[in-house]
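Structural features, examined
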Amino acid sequence: MRILILGGDGYLGWPTAMNLTANGHEVAVVDNYLRRQLCREENVEALFDVPNLHKRAELWEAVSGYKIPVFIGDLNQWDFVEEVFKKFVPEGIVHYAEQPSAPYSMLDRRAAMLTVQNNLSVTANLIFAVRQFCRNAQIVKIGTMGEYGTPNIDIEEGWIDIEHKGKKHKFLYPRQAGSLYHTTKVMDTDLLWFYVRMWGIRVTDLMQGPVYGLITDENKENEQLFPFFNYDELFGTVLNRFVVQAVAGYPLTVYGKGGQTRGYLNIKDTLNCVRLSLEKPAKPGELRIFNQFVETFSVNELAERVQRAGKQFGLSVEIKPIENPRKEAEEHYYNPVHTGLLELGLKPHYLTDDVLAKMLEIVIRHKERINKDAIFRGVKWD
Ligand code: USQ
């Protein structure tokens, strides 16, 4: 399948590109280096130096033989979108090209506007490009479990049947996001659903939980091919952060009571979920939604696991709950359905002590690169 990855430079974009080529697909990547630029502006570099996309594509070709064409440009600009879609007419598009951080979206007005404008306009441009250049292509869109928030009822997989005054109808499951970033993902879902109804486009919307890890079957611990590994408050997800904090001797930053529960997945599972969604596509006129995670943990449970795994390396890891800079429920019910991707064939990689040990081992090798000042900044939600 000819697959275009929007946001091919990101934490998930580049590993997805390698994984899809290794599984027989023809892949091109697009990016405008927005994440690199924001990290530089905010002085929060990833733990490893990540070569630019052209360089990564050369490195990957040298080790695997697979070529990945690279398009550098801004998908907010229609001229650029047209150029890319005319040159590489895709059968499938993976859409990661969004400002991906909740704390960044809550930083200030400028960051908020950038998040809203970028995320919505890239999604809209993509929809129009599909209509104009590849009408039958399928879109695989990365949404987030955070679209649902933490309601006091079970979270269904995207949809819910509602009975009202004796009549029934199926609706999108209610969304109530907990940050502006998450809210843009809700709006994306609405945009996609609207055009699925109007134009019959085919979409899979993946409601993903926080991802952790950096090793994939393709990078095989070749550090030049590693994804961005951010551990700062803005762009690092919680488990990656805790692993780096453990190595740095920085007390684990559990926010508030630490009962916040989310659905987690290893980066390897993200790649498999995206590939399975492409290989077993949605039908024309279908918005298919999967909840993309494999197991749930509270923040306290994650901290305890990292503390335990750290002992194997002689690290004495302190857990230090701090005032929560976010506005979120710290104790809540959480029971989301997540059977759809398993039914498509996903074989989960669970969070074991061995997985944590491997992450710790790699981070320990790069301990001198950790900038402790980047770990906590306290971006407040209110
Ligand atoms: N948390 C801490 N301490 C920290 C960092 C986070 O207690 O040092 C807590 C947060 O308050 C939150 C939970 O851990 O309750 C997860 O936080 P996170 O930063 O790992 O995840 P989040 O900001 O929600 O965003 C991440 C990705 C985003 C994705 C989302 C999935 O950055 O792109 O959409 O995970 S979900 O969380 O299910 O909405």
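Before going into details, it helps to say that this report is about the structure given with it. Predicted, not measured: the structure shown is a model, and the values here were computed from it.

Rules and cut-offs
Residues numbered from 1 in each chain as written. Predicted model: local features only at pLDDT ≥ 70, side-chain atom pairs only at ≥ 80, totals over all residues. Heavy atoms only, no water. 1 Å grid on protein atoms, 1.4 Å probe; cavity = no way out; pocket = protein on both sides within 12 Å on 5 of 7 lines; lining within 4 Å. Points joined across faces, edges and corners; volume = space filled by probe spheres on them. Helix = DSSP H or I, 4+ residues; strand = E, 2+ residues; numbered from the N terminus. Nonpolar A, V, L, I, M, F, W, Y, C, P; charged D, E, K, R; others polar. Core = buried A, V, L, I, M, F, W, Y, C linked by side-chain atoms within 4.5 Å. Buried < 20%, exposed > 50% of the residue type's maximum accessible area, 1.4 Å probe, protein only. Contact = heavy atoms within 4.5 Å. Phe/Tyr/Trp six-rings, centres within 6.5 Å; stacked < 30°, edge-to-face > 60°. Near = heavy atom within 4 Å. Polar contact = N/O pair within 3.5 Å; in protein donor to acceptor, adjacent residues only side chain to side chain. Areas by Shrake-Rupley, 256 points an atom, 1.4 Å probe, with all protein chains shown as cover. Pairing = 2+ DSSP bridges. Axes fitted to C-alpha atoms, helices over the stretch in contact; angles between N-to-C directions. Parallel < 35°, antiparallel > 145°, perpendicular 65-115°, else oblique. Left-handed = near helix turned anticlockwise from the far one by under 90°.

Okay, empty space enclosed by the protein next. Within this structure, the stated rule accounts for one cavity of 30 Å³ or more. Of the voids in this model, the largest cavity is the one considered here, and its volume is about 30 Å³. Taken together, Leu6, Leu75, Val81, Phe85, Val122, Asn125 and Leu126 make up the full set of residues lining the largest cavity. Mapped by element, the contributors of at least two residues to the lining of the largest cavity are α4 (78-87) and α6 (109-133). For the lining of the largest cavity, the residue count by class is six nonpolar, one polar and no charged.

The next point concerns the nonpolar core. Where a protein is soluble and globular, its nonpolar side chains tend to be buried together. Within the largest apolar cluster, 45 residues are counted, with the highest numbers of intra-cluster contacts made by Leu214, Phe229, Phe242, Val363 and Ile370. The set of elements that each furnish at least two residues to this core consists of α2 (34-41), α6, α8 (238-248), α10 (299-311) and α12 (353-365). With seven residues, the top contributor of residues to this core is α8. With sequence-adjacent residues up to four places away left out, Leu214 is seen in contact with Phe48, Asn219, Phe226, Pro227, Phe229, Ile267, Met359 and Ile362. Val81, Tyr148, Ile155 and Leu192 belong to the second-largest nonpolar core, a separate cluster that totals 40 residues.

All chains considered together, the criterion is met by 14 aromatic pairs. Both rings, one in Tyr255 and one in Phe376, keep their centres 6.1 Å apart while their planes meet at 65°; by these two values the pair is edge-to-face. With Tyr255 in the loop between α8 and β10 (261-266) and Phe376 in the segment after α12, this pair connects stretches of sequence that are 121 residues apart. Judged by relative accessible area, which is 10%, Tyr255 ranks as buried. Residue class for Phe376 comes out partly exposed when judged on its relative accessible area of 29%. For the ring pair Tyr264 and Phe297, a centre distance of 6.1 Å and an interplane angle of 50° mean the geometry is tilted. Highlighted residues: Tyr264 in strand β10 and Phe297 in strand β12 (residues 295-298), separated in sequence by 33 residues. What makes Phe297 buried here is its relative accessible area of 6%. Through successive ring pairs, a cluster of aromatic residues spans Phe128, Phe194, Tyr195 and Trp199.

Here the focus is the site of the ligand. Taken together, 22 residues surround the ligand, and among them Thr144, Tyr181, Val238, Thr253 and Glu328 come closest. Here an oxygen atom of the ligand and a side-chain polar atom of Arg262 are 3.4 Å apart. Burial of the ligand by the protein amounts to 93% of the accessible area it has alone, namely 730 Å². Among the secondary structure elements, those contributing two or more residues to the shell around the ligand are α7 (180-199) and α8. For the shell around the ligand, the leading source of residues is α8, giving three residues.

Let's shift gears to the sheet that holds strand β8 (residues 202-208). Pairing is parallel across the open sheet formed by seven strands, whose spatial order is β3-β2-β1-β4-β5-β8-β11. Among the strands making up the open sheet, the edge pair consists of β3 (70-72) and β11 (287-292). Mean inter-strand twist for the sheet, computed between neighbouring axes without regard to direction, equals 20°. For strand β5 (residues 138-144) and β8, the ladder comprises seven bridges, and the chain directions are parallel. In the strand pairing of β8, Lys141 is matched with Asp205.

Take Arg275: it is sitting in helix α9 (residues 267-279). A polar contact of 3.0 Å, which involves the side chain of Arg275, links it to the side chain of Asn19. In this structure, Arg275 is in contact with Asn19, Leu20, Asn23 and His25, ignoring residues within four places of it in sequence.

The contact between α6 and α7 brings their axes to 10 Å, and the two run at 20°. The orientation of α6 relative to α7 falls into the category roughly parallel. The two elements α6 and α7 meet at a crossing, and its hand is right-handed. Here Ala112, Thr115, Val116, Asn119, Leu120, Thr123, Ala124, Ile127, Phe128 and Arg131 of α6 lie close against α7, whose contacting residues are Leu180, Tyr181, Thr184, Met187, Asp188, Leu191, Leu192, Tyr195 and Trp199. Taken together, the residues that form the contact of α6 with α7 break down as 13 nonpolar, four polar and two charged.

So, on to unusual backbone geometry. Its identity is not glycine, yet Tyr33 carries a phi of approximately 60°, on the positive side. By the secondary structure assignment, Tyr33 is in the loop between β2 (26-31) and α2.

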